[in-house]
Amino acid sequence: MSGERIRPDPARSDRRLSVHPAGFTLVELVIIIVILGILAAVAIPQLADMSGSAKTAATRKEMGELRRALVGSPEIVAGGRPVAAGFQGDVGRLPGRLSDLTVRPDSVPPYDRLARYGWNGPYIDPYGGNYLSDAWGVPYVYDPDARILLSVGGGDTLRVTL
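Residues numbered from 1 in each chain as written. Predicted model: local features only at pLDDT ≥ 70, side-chain atom pairs only at ≥ 80, totals over all residues. Heavy atoms only, no water.

A. Structural context of the overall build of the protein chain. Counting its secondary structure elements, the protein chain contains two helices and five strands. Along its sequence from the N terminus, the protein chain presents helices and strands in the succession α-β-β-α-β-β-β. In the protein chain, which comprises 162 residues, the proportion classed as buried is 23%. Partitioning the contacts of the protein chain with sequence separation of at least 6, the portion at a separation of at least 24 is 44%. Of the roughly 11,900 Å² of accessible surface on the protein chain, 58% is carried by carbon and sulfur atoms. (Helix = DSSP H or I, 4+ residues; strand = E, 2+ residues; numbered from the N terminus. Buried < 20%, exposed > 50% of the residue type's maximum accessible area, 1.4 Å probe, protein only. Contact = heavy atoms within 4.5 Å. Areas by Shrake-Rupley, 256 points an atom, 1.4 Å probe, with all protein chains shown as cover.)

B. Spotlight on the pattern of salt bridges. A complete count under the given rule lists two salt bridges for this structure. Among the ionic pairs, Glu65 bridges to Lys61, the shortest N-O distance being 3.3 Å. Of this pair, Glu65 and Lys61 both sit in helix H1 (residues 26–71), four residues apart, roughly one helical turn. Under the relative-accessibility criterion, Glu65 is labelled partly exposed at 33%. Of the residues examined, Lys61 reaches a relative accessible area of 55% and is grouped as exposed. For Arg97, the salt bridge is made with Asp100, and the minimal N-O distance between the two is 2.9 Å. Under the relative-accessibility criterion, Asp100 is labelled buried at 6%. (Salt bridge = Lys/Arg side-chain N within 4 Å of Asp/Glu carboxyl O.)

C. Representation of the sheet that holds strand E3 (residues 141–143) within the structure. The sheet built from three strands is open, its strands ordered E3-E4-E5 with antiparallel pairing. Strands with a single pairing partner mark the edges of an open sheet, and in this sheet they are E3 and strand E5 (158–161). The average angle at which neighbouring strand axes cross in this sheet is 10 degrees, direction not considered. Relative to strand E4 (residues 148–151), E3 is paired through three bridges, and the arrangement is antiparallel. Within the sheet, the bridge partner assigned to Asp143 lies in E4 and is Ile148. (Pairing = 2+ DSSP bridges. Axes fitted to C-alpha atoms, helices over the stretch in contact; angles between N-to-C directions.)

D. Summary view of the side chain of Thr59. Of note, Thr59 is situated in helix H1. Looking at Thr59, the relative accessible area reads 0%, which means it is buried. Those residues within four positions of Thr59 in sequence are excluded, and the remaining contacts are Asp134, Ala135, Trp136, Tyr140, Ser151 and Leu158.

E. Local environment of the packing of aromatic side chains. Summed over all chains, the structure comprises two aromatic pairs. Between Phe87 and Tyr123, the aromatic rings sit 5.7 Å apart at their centres with planes inclined by 65 degrees, giving edge-to-face as the arrangement. In this pair, Phe87 sits in helix H2 (residues 86–91) while Tyr123 sits in the loop between H2 and E3, placing the two residues 36 residues apart along the sequence. As far as burial versus exposure is concerned, Phe87 and Tyr123 are alike and both buried. Measuring from ring centre to ring centre gives 5.8 Å for Trp119 and Tyr123, while their planes differ by 85 degrees; the resulting arrangement is edge-to-face. Of the aromatic side chains, those joined through ring pairs into one cluster are Phe87, Trp119 and Tyr123. (Phe/Tyr/Trp six-rings, centres within 6.5 Å; stacked < 30°, edge-to-face > 60°.)

F. Representation of unusual backbone geometry in the model. Here Gly121 and Pro122 are connected by a cis peptide whose omega angle stands at 10 degrees. With respect to the helices and strands, the residue Pro122 is situated in the loop between H2 and E3. Non-glycine residue Arg147 carries a positive phi angle of around 60 degrees. Looking at where Arg147 falls in the secondary structure, it is placed in the loop between E3 and E4. Given the relative accessible area of 28%, Arg147 is considered partly exposed.

Function cannot be inferred from these measures alone, as they are strictly geometric.
See below:
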(Lines give C-alpha, C1' and ligand atoms only; values in the text may rest on other atoms or scores of the structure.)
Protein backbone atom coordinates (compact mmCIF):
# COMPACT_ATOMS: atom_id res chain seq x y z
CA MET A 1 0.00 0.00 0.00
CA SER A 2 2.85 2.37 0.38
CA GLY A 3 3.19 2.79 -3.38
CA GLU A 4 -0.50 2.98 -4.18
CA ARG A 5 -2.11 6.28 -4.95
CA ILE A 6 -5.55 7.06 -3.52
CA ARG A 7 -7.97 8.27 -6.12
CA PRO A 8 -11.15 10.13 -5.21
CA ASP A 9 -14.35 8.40 -6.09
CA PRO A 10 -15.95 10.32 -9.03
CA ALA A 11 -19.41 9.45 -7.71
CA ARG A 12 -18.71 11.47 -4.54
CA SER A 13 -18.84 15.19 -4.74
CA ASP A 14 -16.19 16.25 -2.30
CA ARG A 15 -15.82 20.02 -2.62
CA ARG A 16 -12.83 20.18 -0.33
CA LEU A 17 -10.67 18.87 -3.13
CA SER A 18 -11.70 21.71 -5.49
CA VAL A 19 -8.95 24.11 -6.52
CA HIS A 20 -11.33 27.12 -6.99
CA PRO A 21 -13.43 27.86 -3.93
CA ALA A 22 -16.99 29.17 -4.60
CA GLY A 23 -18.01 32.73 -3.58
CA PHE A 24 -16.23 36.06 -3.18
CA THR A 25 -13.72 37.17 -0.62
CA LEU A 26 -14.45 40.09 1.69
CA VAL A 27 -11.92 42.26 -0.14
CA GLU A 28 -13.61 41.63 -3.50
CA LEU A 29 -17.01 42.56 -2.04
CA VAL A 30 -15.65 45.76 -0.50
CA ILE A 31 -14.08 46.77 -3.83
CA ILE A 32 -17.39 46.20 -5.65
CA ILE A 33 -19.30 48.25 -3.05
CA VAL A 34 -16.81 51.14 -3.34
CA ILE A 35 -17.09 51.13 -7.15
CA LEU A 36 -20.92 51.14 -6.97
CA GLY A 37 -20.77 54.03 -4.48
CA ILE A 38 -18.57 56.07 -6.81
CA LEU A 39 -20.91 55.40 -9.75
CA ALA A 40 -23.93 56.42 -7.67
CA ALA A 41 -22.21 59.63 -6.52
CA VAL A 42 -21.58 60.58 -10.16
CA ALA A 43 -24.96 59.45 -11.58
CA ILE A 44 -27.41 60.89 -9.03
CA PRO A 45 -26.62 64.59 -9.70
CA GLN A 46 -26.86 63.94 -13.44
CA LEU A 47 -30.31 62.37 -13.01
CA ALA A 48 -31.45 65.27 -10.83
CA ASP A 49 -30.35 67.73 -13.51
CA MET A 50 -32.23 65.75 -16.16
CA SER A 51 -35.35 65.90 -14.00
CA GLY A 52 -35.07 69.69 -13.76
CA SER A 53 -34.68 70.11 -17.52
CA ALA A 54 -37.64 67.79 -18.12
CA LYS A 55 -39.79 69.91 -15.79
CA THR A 56 -38.67 73.05 -17.60
CA ALA A 57 -39.59 71.53 -20.97
CA ALA A 58 -43.00 70.37 -19.68
CA THR A 59 -43.71 73.81 -18.22
CA ARG A 60 -42.72 75.55 -21.49
CA LYS A 61 -45.05 73.23 -23.41
CA GLU A 62 -47.95 73.85 -21.04
CA MET A 63 -47.37 77.61 -21.13
CA GLY A 64 -47.58 77.43 -24.94
CA GLU A 65 -50.90 75.60 -24.66
CA LEU A 66 -52.17 78.23 -22.20
CA ARG A 67 -51.10 80.99 -24.59
CA ARG A 68 -53.05 79.36 -27.44
CA ALA A 69 -56.09 79.00 -25.14
CA LEU A 70 -55.85 82.66 -24.10
CA VAL A 71 -55.12 84.43 -27.41
CA GLY A 72 -55.73 81.66 -29.95
CA SER A 73 -53.78 80.59 -33.00
CA PRO A 74 -54.47 83.06 -35.82
CA GLU A 75 -52.49 80.94 -38.27
CA ILE A 76 -55.14 78.18 -38.12
CA VAL A 77 -57.74 79.32 -40.67
CA ALA A 78 -60.71 77.62 -42.31
CA GLY A 79 -62.99 79.38 -44.77
CA GLY A 80 -61.02 82.58 -44.39
CA ARG A 81 -61.71 82.84 -40.66
CA PRO A 82 -59.56 81.82 -37.68
CA VAL A 83 -60.68 78.49 -36.25
CA ALA A 84 -58.76 78.56 -32.98
CA ALA A 85 -59.58 82.07 -31.80
CA GLY A 86 -58.99 81.39 -28.11
CA PHE A 87 -60.72 83.21 -25.28
CA GLN A 88 -59.61 86.65 -26.49
CA GLY A 89 -60.80 86.02 -30.05
CA ASP A 90 -64.21 84.81 -28.90
CA VAL A 91 -64.85 87.30 -26.10
CA GLY A 92 -62.77 90.29 -27.20
CA ARG A 93 -60.58 90.46 -24.10
CA LEU A 94 -58.37 88.24 -21.97
CA PRO A 95 -59.98 86.39 -19.06
CA GLY A 96 -59.53 87.77 -15.57
CA ARG A 97 -58.35 84.38 -14.25
CA LEU A 98 -56.92 81.23 -15.81
CA SER A 99 -59.85 79.24 -14.45
CA ASP A 100 -62.11 81.21 -16.85
CA LEU A 101 -60.62 79.07 -19.62
CA THR A 102 -62.56 76.03 -18.39
CA VAL A 103 -65.67 77.55 -16.76
CA ARG A 104 -67.68 80.35 -18.34
CA PRO A 105 -67.58 83.52 -16.22
CA ASP A 106 -70.99 84.99 -15.36
CA SER A 107 -70.04 88.26 -17.08
CA VAL A 108 -69.55 86.55 -20.47
CA PRO A 109 -72.48 85.32 -22.56
CA PRO A 110 -72.48 81.86 -24.16
CA TYR A 111 -71.12 81.71 -27.71
CA ASP A 112 -73.48 82.94 -30.44
CA ARG A 113 -72.54 81.37 -33.79
CA LEU A 114 -74.21 84.08 -35.83
CA ALA A 115 -72.57 86.96 -33.98
CA ARG A 116 -69.39 84.93 -33.46
CA TYR A 117 -69.12 86.27 -29.95
CA GLY A 118 -69.18 84.75 -26.48
CA TRP A 119 -67.59 82.01 -24.40
CA ASN A 120 -66.87 79.01 -26.65
CA GLY A 121 -64.89 76.90 -24.20
CA PRO A 122 -63.50 75.06 -22.53
CA TYR A 123 -60.37 76.41 -24.13
CA ILE A 124 -58.04 74.00 -22.36
CA ASP A 125 -58.43 70.51 -20.91
CA PRO A 126 -59.63 71.06 -17.34
CA TYR A 127 -58.49 67.63 -16.11
CA GLY A 128 -57.68 67.99 -12.42
CA GLY A 129 -56.87 71.71 -12.64
CA ASN A 130 -53.26 70.85 -13.46
CA TYR A 131 -53.12 73.68 -15.97
CA LEU A 132 -53.11 76.20 -13.08
CA SER A 133 -49.65 75.12 -11.84
CA ASP A 134 -46.27 74.50 -13.43
CA ALA A 135 -44.35 71.22 -13.28
CA TRP A 136 -42.98 72.12 -9.82
CA GLY A 137 -46.53 72.52 -8.47
CA VAL A 138 -46.27 76.32 -8.14
CA PRO A 139 -49.27 78.30 -9.48
CA TYR A 140 -48.66 80.35 -12.62
CA VAL A 141 -48.50 84.12 -12.26
CA TYR A 142 -51.05 85.50 -14.73
CA ASP A 143 -51.53 89.24 -15.27
CA PRO A 144 -54.07 90.03 -18.01
CA ASP A 145 -53.40 93.79 -17.80
CA ALA A 146 -49.65 93.33 -18.41
CA ARG A 147 -50.44 90.47 -20.83
CA ILE A 148 -47.92 88.07 -19.27
CA LEU A 149 -47.87 84.53 -17.94
CA LEU A 150 -45.00 83.56 -15.63
CA SER A 151 -43.70 80.33 -14.12
CA VAL A 152 -41.60 80.91 -11.03
CA GLY A 153 -41.39 77.30 -9.81
CA GLY A 154 -37.99 76.41 -11.23
CA GLY A 155 -34.69 78.14 -10.72
CA ASP A 156 -35.35 80.47 -13.67
CA THR A 157 -38.50 82.48 -14.32
CA LEU A 158 -40.20 81.42 -17.54
CA ARG A 159 -42.19 84.16 -19.28
CA VAL A 160 -44.79 84.13 -22.04
CA THR A 161 -46.05 87.39 -23.51
CA LEU A 162 -49.66 87.29 -24.64
